[in-house]
Amino acid sequence: MNQKYEAVIGLEVHVQLLTKTKTFCGCRNKFGSPPNTNVCPVCMGHPGILPVLNKKVVEFAVLLGLATNCEINKRSIFARKNYFYPDLPKGWQTSQFELPICEHGFIDIVKSDGLEKRLGITRIHMEEDAGKLIHDQGTDSLIDLNRCGTPLLEIVSEPDMRSAEEAYLYLVKLKQIVTYLGICDGNMEEGSLRCDANVSIRLKGEKKLGTKTEVKNMNSFRNVEKAIEAEIDRQIDIIEDGGKIIQQTLLWDADSGDVKPMRSKEESHDYRYFPEPDLMPVLVNDDWRKSISESLPELPEHRKKRFIDKYKLPEYDAELLTAEKPVADFYEAVLNTTDDFKSASNWIMGDVLKIINERKIKIEDFPVSPENIGRLINLINEGLISSKIAKEVFPVLLDENKDPRTIVEEKSLLQISDDSFIEEVVGNILGNNMDQVKQYLDGKEKVIGFLVGQVMRETKGKANPAAVNKILKEKLEAFR
Amino acid sequence: MSVTKKDVEYIAKLARLELTEKETENYTDQLNQILDYMEKLNELDTSNIEPLSHPVENFNVFREDIIQPSVSREDALKNAPDANEEFFKVPKVIKTD
């Protein structure tokens, strides 16, 4: 980015709520059902219908508001946002306009340079999703109304971000919060978390805002960062060439890696918001607010801090383990079986996450139970197997997920701590390697590593390394 | 503040209404009469009065998050001007250019 300029970015994020039913009717709220099977007169917008608000939607909105340091408005009302589009059979989207449920919050991020930054949240409001249009069939567009009426929260940020990185970190943090709260699965690819960006640039030090554009169609977290970067560059090029930014909506094209203007016809908006007469105001009194706040689960920042304090983990480990709630849950489940906090962390950050990434699975579907990971760690710590043998047991665990002790016994991998046996092997090895013994006695003590290797080879890695070291040294010294 | 014919045409377009020339003139007059009356109401001092969003004083009308039966797809598609076995059909809304 040209150093003369700074970007001003605000994000509008929609999260689809994990309620059982839709916002205003009892139809199932489920992704992937056969088309037009989760529909009723209310969500199809038939004449004469009356919506009734799902209480859970309000509770989820308040939860998110509390988790993002918002003020919860004691009174909020719904509004109609009027426009015609075939995926919206009522002719308006039920949303909130003047009095949203939450306002004036913030999220803290830590940038790659280690600096912290607080990013403001203007408002969070409740609304409903539209249906789905399928365009690629013949001369018609097909409509599936299953998604119509699905509850959404829209989170509008302040224009506080100054780079694509900050926008990316804000979005990742927000995803972390909604998944920890269990109110949204945060899946951008499936569209349960969606993000539009408002982007403008100005000369550094300038107080006035430049003309902004809106960038849409970004379907992954990294694409949000890339799209904003591309748009900042595009705007700088225009300004540097003496041009002017036009206020417009742009679509990100992930294949070409640039943004393209949407046809202007689609963006002439005049929504004529007015209060929704069919829905009564929502009042959140102190009692209700308090009972919702008592159901707040532990949030990522707190959990990270607890991992550092309680389990004495390095910040790096704590950050990585708490980035996603299921991973943190898995870690703590391992700790039910072992109290070796750091080894548990190492196994998860290493072998477990490696398999998860390779197989592209969720940690919930990881084939080895947390108990068996814990037991494996205990086998090492009890001196029953070496960590090298443990790495051999792990692939077997992946296939069979049974008590690692059983695997070790079945495969006769138990570590040999029997001193008399080790002494015998060591004696043989020394007898066959008198040159190395001589070198050792001449002061080349490094040669002991070679001799340990020979013993381990002879015992197929099963000899207790500490015992081997001790016996080797004793026998070598005895030659003096 | 007065409404012009152009305003009426714009509002009609947003509401997808096709008005005849006569209707447009008629509605322009009527809308202006309504706004004139509003001007009269505006003479009242309402600075200490909360805006009213709902004429009844009810609040927190909720439904528990419990699944109710949906209608069958067959019934759902029955009233549609056009449909196939699975979907509602409308003329293509995005041109494939």
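This next bit is on the overall build of chain A. Within chain A, the regular secondary structure consists of 15 helices and 17 strands. Over its C-alpha trace chain A gives a radius of gyration of 30 Å, far above what one expects of a compact globule, namely 23 Å for 480 residues. In terms of overall dimensions, chain A has a C-alpha envelope of 95 × 55 × 55 Å along the principal axes. Buried positions account for 51% of the 480 residues belonging to chain A. Sequence separation of at least 24 residues holds for 69% of the intrachain contacts in chain A that already meet a minimum separation of 6. Of the roughly 22,900 Å² of accessible surface on chain A, a fraction of 50% belongs to carbon and sulfur atoms.

Regarding its fold elements, chain B presents three helices and two strands. Secondary structure elements in chain B, listed N-terminal to C-terminal, are α-α-β-α-β. Taken over C-alpha atoms, the radius of gyration comes to 23 Å for chain B, far larger than the 13 Å a tight globule of 97 residues would show. If one aligns the C-alpha atoms of chain B with their principal axes, the spans along those axes are about 55 × 45 × 25 Å. In chain B, buried positions account for 18% of the 97 residues. A separation threshold of at least 6 residues defines the contact pool for chain B, and within that pool the share at least 24 residues apart is 22%. One way to put it: in chain B the 12 positive side-chain charges average out to a point 9 Å from where the 21 negative ones average out.

This part takes up the domain arrangement of chain A. A common way to express how large an interface is: the accessible area buried when the components associate. Residue and element names in this part refer to chain A. The domains assigned to chain A are domain 1 (5-291), domain 2 (300-410) and domain 3 (419-478). The C-alpha-based centres of domain 1 and domain 2 are spaced at 37 Å. With five residues of domain 1 in contact, the opposing surface of domain 2 contributes eight residues. When the area that domain 1 buries against domain 2 is broken down by residue, the three leading residues are Lys 173, Gln 176 and Tyr 180, summing to 80%.

This brings us to the nonpolar core. By size, the foremost hydrophobic cluster in this structure holds 83 residues, and its most contacted members are Leu 11, Tyr 170, Ile 183 and Ile 228 of chain A. In this structure, Ala 328, Ala 344, Leu 379 and Val 408 of chain A belong to the second largest nonpolar core, which totals 37 residues.

Another point: the interface of chain B and chain A. Opposite the 36 residues of chain B that make contact, chain A presents 56 residues. Here chain B meets chain A over a buried area of about 3,900 Å², counting both sides, of which 59% is carbon and sulfur. Taken as a group, Phe 62, Arg 63 and Asp 65 of chain B account for 19% of the area that chain B buries against chain A, more than any other trio of residues on that side. Where chain B packs against chain A, one counts one salt bridge.

Residues and elements named next belong to chain A. Taken in spatial order, the nine strands line up as E3-E7-E8-E11-E1-E12-E13-E14-E15 in an open sheet, and their pairing is mixed. The open sheet has two edge strands, strand E3 (71-72) and strand E15 (258-261), and neither has a second partner. Contacting strand E1 (5-16), strand E12 (193-203), strand E13 (213-216), strand E14 (249-253) and E15, helix H3 (residues 221-240) crosses the sheet at an angle of about 25 degrees to E12.

Okay, the sheet that holds strand E16 (residues 274-275) of chain A next. A sheet is described by the order of its strands in space; here three strands give the open sequence E6-E5-E16 (chain A), paired in antiparallel fashion. Lying at the two open borders of the sheet, with one neighbouring strand each, are strand E6 (92-95) and E16 of chain A.

Our focus in this paragraph is the pattern of salt bridges. All names here are of chain A. Across all of its chains, the model carries 37 salt bridges over all chains by this definition. Ionic pairing is found between Arg 306 and Glu 298, a salt bridge with its closest N-O pair at 2.7 Å. Residue class for Glu 298 comes out partly exposed when judged on its relative accessible area of 25%. Residue Asp 329 pairs with Arg 303 through a salt bridge whose shortest N-O separation is 2.8 Å.

Now for the side chain of Ser 192 of chain A. Inspection of the secondary structure puts Ser 192 of chain A in the loop between helix H2 (164-181) and E12. Ignoring sequence-local partners within four residues, the contact set of Ser 192 of chain A consists of His 14, Val 15, Gln 16, Cys 184, Asp 185, Gly 186 and Asn 187 of chain A.

All names here are of chain A. In terms of burial, helix H7 (residues 325-334) is a largely internal element, seven of the ten residues being buried. Looking only at H7, the buried set comprises Val 327, Ala 328, Phe 330, Tyr 331, Glu 332, Ala 333 and Val 334. The elements touched by buried residues of H7 are H2, helix H5 (300-311), helix H6 (315-322), helix H8 (341-359) and helix H9 (370-381).

Rules used throughout
Residues numbered from 1 in each chain as written. Chains lettered and ligands numbered in written order. Predicted model: local features only at pLDDT ≥ 70, side-chain atom pairs only at ≥ 80, totals over all residues. Heavy atoms only, no water. Helix = DSSP H or I, 4+ residues; strand = E, 2+ residues; numbered from the N terminus. Rg over C-alpha atoms; globule rule 2.2 N^0.38 Å. Buried < 20%, exposed > 50% of the residue type's maximum accessible area, 1.4 Å probe, protein only. Contact = heavy atoms within 4.5 Å. Areas by Shrake-Rupley, 256 points an atom, 1.4 Å probe, with all protein chains shown as cover. Lys, Arg positive; Asp, Glu negative; His and termini not counted. Charge placed at Lys NZ, Arg CZ, Asp CG, Glu CD. Domains from an automatic or database assignment. Buried area = accessible area lost by both parts, 1.4 Å probe. Core = buried A, V, L, I, M, F, W, Y, C linked by side-chain atoms within 4.5 Å. Salt bridge = Lys/Arg side-chain N within 4 Å of Asp/Glu carboxyl O. Pairing = 2+ DSSP bridges. Axes fitted to C-alpha atoms, helices over the stretch in contact; angles between N-to-C directions.

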